[in-house]
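# Coordinates in review
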Amino acid sequence: TSMANEQQVDRLNQAVSETWNAWRQVHTDEELDLSGADLSNSNLGTFNLVNANLSGADLNGADLNSARLNAANLSGANLSGANLAFAQLIGANLSGANLADADLAGANLGRANLKGANLHSADISTTNLDEAIVTAEQMKVARFTKDSDL
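Here's what I pulled together on the structure shown here.

Procedures and definitions
Residues numbered from 1 in each chain as written. Predicted model: local features only at pLDDT ≥ 70, side-chain atom pairs only at ≥ 80, totals over all residues. Heavy atoms only, no water. Helix = DSSP H or I, 4+ residues; strand = E, 2+ residues; numbered from the N terminus. Rg over C-alpha atoms; globule rule 2.2 N^0.38 Å. Buried < 20%, exposed > 50% of the residue type's maximum accessible area, 1.4 Å probe, protein only. Core = buried A, V, L, I, M, F, W, Y, C linked by side-chain atoms within 4.5 Å. Contact = heavy atoms within 4.5 Å. Arc of directions from axis to C-beta. Polar contact = N/O pair within 3.5 Å; in protein donor to acceptor, adjacent residues only side chain to side chain. Phe/Tyr/Trp six-rings, centres within 6.5 Å; stacked < 30°, edge-to-face > 60°.

## Focus: the overall build of the protein chain
What the protein chain contains, in helices and strands, is three helices and zero strands. When the elements of the protein chain are put in sequence order from the N terminus, they spell out α-α-α. Relative to the 2.2 N^0.38 estimate, which gives 15 Å for 150 residues, the radius of gyration of the protein chain is 14 Å and therefore close to what a compact globule would have. A principal-axis box enclosing the C-alpha atoms of the protein chain has dimensions of 40 × 30 × 25 Å. Relative to its 150 residues, the protein chain shows a buried fraction of 45%.

Laid out in structure tokens, this is it:
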């Protein structure tokens, strides 16, 4: 199992989106290895996490509202209860990820790989799933309204 780059995890935990995104702009070539990192309940709204390796990361309850996760590797990640509203996940790898109860309203998952992902009670009411790899069975257990009683 791969280990996360602890320096990057520390930087992420201490940063606000402005400082983090500025750092990312300067270090465009630096690979972001956050695999298996515990980022549960962290505030990562509007963070630039494009191309990040977040495989197996714990993002349970994390705020990723409007985060940029295009082409990120989130395979096997725990995103249960995460706020991914309006997040950019174009071409992201979400295979085997746990998205139970996640808010994906307004998120863009175009061309994303959701193979084997758990979408139970996930809000996909206004999610863009154009060309995403996802089955009808997976969609059946998701929510298409804000109303959690359904």
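Past the structure itself, the notes keep going.
## Focus: the nonpolar core
In terms of nonpolar packing, the biggest core is built from 45 residues, with Leu-49, Leu-59, Leu-64, Leu-69, Leu-74 and Leu-79 touching the most fellow members. When residues of this core are traced back to their parent elements, those giving at least two are helix 1 (6-14) and helix 2 (17-26). Look past the residues within four positions of Leu-74 in its chain and what remains in contact with it is Leu-54, Ser-55, Leu-59, Leu-69, Leu-79, Leu-89, Asn-93, Leu-94 and Ala-97.

## Describing helix 1
Turning to helix 1, its buried residues number three or more, namely Gln-8, Val-9 and Leu-12. Buried positions in helix 1, seen along its axis, are confined to an arc of 100° and lie on one side of it. Of the exposed residues in helix 1, those oriented more than 90 degrees away from the buried face are Gln-7 and Gln-14. Packing partners of the buried residues in helix 1 comprise helix 2. Two to three positions downstream of the cap, the backbone nitrogen of Gln-7 sits 3.0 Å from a side-chain oxygen, assigning the N-cap of helix 1 to Asn-5.

## Things to note about the environment of Thr-46
Note on placement: Thr-46 falls in the loop between helix 2 and helix 3 (136-140). A relative accessible area of 39% means that Thr-46 is categorised as partly exposed. As a C-alpha pair, Thr-46 and Asn-21 span 25 residues in sequence and 8.7 Å in three-dimensional space. Excluding residues within four positions of it along the chain, Thr-46 makes contact with Ser-17, Asn-21, Asn-65, Ser-66 and Ala-67. Within the local environment of Thr-46, its side chain forms a polar contact with the side chain of Ser-17, the two groups lying 3.0 Å apart.

## Here's the deal with the packing of aromatic side chains
Scanning the model with the defined rule gives two aromatic pairs in all. Centroid distance Trp-20 to Trp-23: 5.1 Å. Interplanar angle 40°. Geometry classified as tilted. A residue pair is termed a helical-turn pair when its members lie 3 or 4 positions apart in one helix, as Trp-20 and Trp-23 do in helix 2 at three residues. The pair formed by Trp-20 and Trp-23 is uniform in burial state, with each residue classed as buried. Taken together, the aromatic side chains of Trp-20, Trp-23 and Phe-47 make up a single cluster linked through ring pairs.

So yeah, pure geometry; function would need other evidence.
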